[in-house]
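Analysis of the macromolecular model
Okay, here's what each chain looks like letter by letter:
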Amino acid sequence: MADWGPVLIAVVLFVLLTPGLLCQVPGNSRAVDFCNRQTSGLSIFVHSIVFFGLIIIFFIAIGVHIYIG
């Protein structure tokens, strides 16, 4: 049996935290822009730090496991 928890959580967080798709922190004209589909180097950096933090929380602190099969 394979543990699909880390794979599914990483994919969902990657899609949700793509800069410019749902939100962008920091935005071009405001602190947070929604659905503008534009990115900057700073917003990519901030989103990657948030992604890394959430991955660490879900994988190490909570220990999410999903077994299929």
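In this report, we go over the structure that sits alongside the text. This is a predicted model, so every value here is computed, not measured.

Observations regarding a nonpolar patch on the surface
On the surface, Trp 4, Val 7, Leu 8, Val 11, Val 12, Phe 14, Val 15, Leu 16, Leu 21, Leu 22, Ile 66 and Ile 68 cluster together to form a nonpolar patch covering roughly 1,000 Å² of accessible area. The element that contributes the greatest number of residues to the nonpolar patch is helix H1 (residues 5-16), accounting for 7 residues. Along the chain, Leu 16 turns up in helix H1.

Section: the environment of Asn 36
Tracing the sequence through the fold places Asn 36 in the loop between strand S3 (33-34) and helix H2 (41-62). Residue class for Asn 36 comes out partly exposed when judged on its relative accessible area of 22%. Considering only alpha carbons, one finds Asn 36 and Cys 23, 13 residues apart in sequence, at a separation of 7.5 Å. Apart from the residues lying within four places of it in its own chain, the contact partners of Asn 36 are Gly 20, Gln 24 and Asn 28.

Criteria and thresholds
- Residues numbered from 1 in each chain as written.
- Predicted model: local features only at pLDDT ≥ 70, side-chain atom pairs only at ≥ 80, totals over all residues.
- Heavy atoms only, no water.
- Patch = residues over 30% accessible without salt bridge, like charges linked within 9 Å, V, L, I, M, F, W, Y side chains within 5 Å.
- Areas by Shrake-Rupley, 256 points an atom, 1.4 Å probe, with all protein chains shown as cover.
- Salt bridge = Lys/Arg side-chain N within 4 Å of Asp/Glu carboxyl O.
- Helix = DSSP H or I, 4+ residues; strand = E, 2+ residues; numbered from the N terminus.
- Buried < 20%, exposed > 50% of the residue type's maximum accessible area, 1.4 Å probe, protein only.
- Contact = heavy atoms within 4.5 Å.

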